Amino acid sequence: MKRRLLIMVALIFMLNTIIFAQQPKTQNSKLKIQNAWVRPAAKGANSALYFVIENNSIKTDTLIGAESKIAEEVEVHESFKKDNDRMGMRPAGKLAINPKSEFEFKPGGFHIMLLGVTKDLKIGDKIEVVLLFKNKGKIKIKAEVSDMPITKKMKQ
Amino acid sequence: MKRLSIPFILLLIYGCREKLPVVDDFKNSNYKLINPNNQEVIFPDFVKGKLVVMNYIFTNCPDICPLSTNNMRLIQEQLKKEKIDNVQFVSLSFDPEFDSPEVLRKFAGIRNLDLSNWTFLTGDKSTTDSVIKKVGVLAVPNDSTIFKNGRKIYYYIHTDRIQLIDPEGRIRKNYKGSTINVNEIIADIKSLQ
């Protein structure tokens, strides 16, 4: 009887561990996402998400992608200068976040591209996006719809 | 004294004109374009007599074009604050195959833009191409994304531009749309009034 109980407890513990590991983390002391904001977009159009990643650990982590129910596709993109006054945009691939550093996703630079948003993103609305890191796994962030950067430090 | 002051005044007038030389001139060029209400407008005829602040966009652009559009909004707000009128804002799409009047209407609507003196324009591709060629804007399709349902959208490499056009339809100055100094264009607008 005791043995069965022990096995049950061990199974429950293992199950909890697995479920917890798969849940997106909303806060992580070593890797913080701050000042997240997203541009307005009508349903079906595209938007861009910006934020600052703070890596307070002594190890490099890598942003490998993002996912959200708010858009048909979610990609990491980068705006780039082609020449004197021409600009373009391209997929950015994986991005290394160096230890003890900040990495800023900002207008005119790196951004998370939300392609084909599934509802109107009106100024003041809030959306959820999950960022996928190689080491830290999933981090869920909330972003406010705004037409300009949110500068106050909004910790996720 | 009077003899001396006349050349001085002429020099001053010439100097002021030179501050914003004519970059290009629409002259007798007119283009049939479509506004978000599906109405045909003749550009630049419909804005003649007004100073025009114009940018060139495509709505699938999530970063640079919204930046430029937001800067247009900031210029518009500053002009309102300073009670400067007779300025018309125009945003022309160089991706008219995607940017229908309805798409442009939604693009402006979701941003709560004040459309009392701001018109978004689209048209047939050959016409919008002619306009951007005339004003020196380049827009070339580059990367693309294919959605799960097969829908494909293109991203353009494009000139990032806001342009100041005088009431006679002459282009007076080009600015970088995404990083324009609002105070600079406000000062330029005042100098042309």
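Every value quoted in this text rests on a predicted model; they were computed, and no experiment measured them.

Would you mind going over empty space enclosed by the protein with me for this structure?
With a probe scaled to a water molecule rolled over the atoms, the places where space remains empty come into view. For the structure shown, the criterion picks out 2 cavities of 30 Å³ or more. Considered as a void within the structure, the largest cavity measures approximately 70 Å³ in volume. Considering the residues around the largest cavity, the lining is formed by Arg 39, Pro 40 and Asp 147 of chain A together with Pro 66, Thr 69, Asn 70, Arg 73, Arg 111 and Leu 113 of chain B. Grouping the constituent residues of the lining of the largest cavity by class yields 3 nonpolar, 2 polar and 4 charged. Taken as a whole, the second largest cavity spans an internal volume of roughly 60 Å³. Together, Ser 79, Met 87, Gly 88 and Met 89 of chain A together with Phe 58, Cys 61, Pro 62, Asp 63, Ile 64, Tyr 155, Tyr 156 and His 158 of chain B line the second largest cavity.

So what exactly am I meant to see when it comes to the layout of surface pockets here?
Here the largest pocket defines a volume of roughly 210 Å³. If you go around the largest pocket, you meet 18 residues; those closest to its centre are Ala 42, Lys 43, Gly 44 and Ala 45 of chain A together with Val 103 of chain B. Considering only residue class, the lining of the largest pocket consists of 11 nonpolar, 3 polar and 4 charged.

Sorry if this is basic, but what is going on with unusual backbone geometry here?
Trans peptide bonds make up most of the peptide bonds, and negative phi angles are found at most residues other than glycine. Look at the link from Phe 43 of chain B to Pro 44 of chain B: it is a cis peptide, with omega at 5°. Here Pro 44 of chain B is to be found in the loop between β3 (40-43) and β4 (51-57). Of note, the phi angle at Asn 35 of chain A is positive, near 55°, even though the residue is not glycine. Tracing the backbone through its elements, the reader meets Asn 35 of chain A in strand β1 (residues 31-38). If you check the backbone angles, Asn 38 of chain B has positive phi at about 70° while not being a glycine. Mapped onto the secondary structure, Asn 38 of chain B falls in the loop between β2 (31-34) and β3.

Calculation notes
- Residues numbered from 1 in each chain as written.
- Chains lettered and ligands numbered in written order.
- Predicted model: local features only at pLDDT ≥ 70, side-chain atom pairs only at ≥ 80, totals over all residues.
- Heavy atoms only, no water.
- 1 Å grid on protein atoms, 1.4 Å probe; cavity = no way out; pocket = protein on both sides within 12 Å on 5 of 7 lines; lining within 4 Å.
- Points joined across faces, edges and corners; volume = space filled by probe spheres on them.
- Nonpolar A, V, L, I, M, F, W, Y, C, P; charged D, E, K, R; others polar.
- Helix = DSSP H or I, 4+ residues; strand = E, 2+ residues; numbered from the N terminus.

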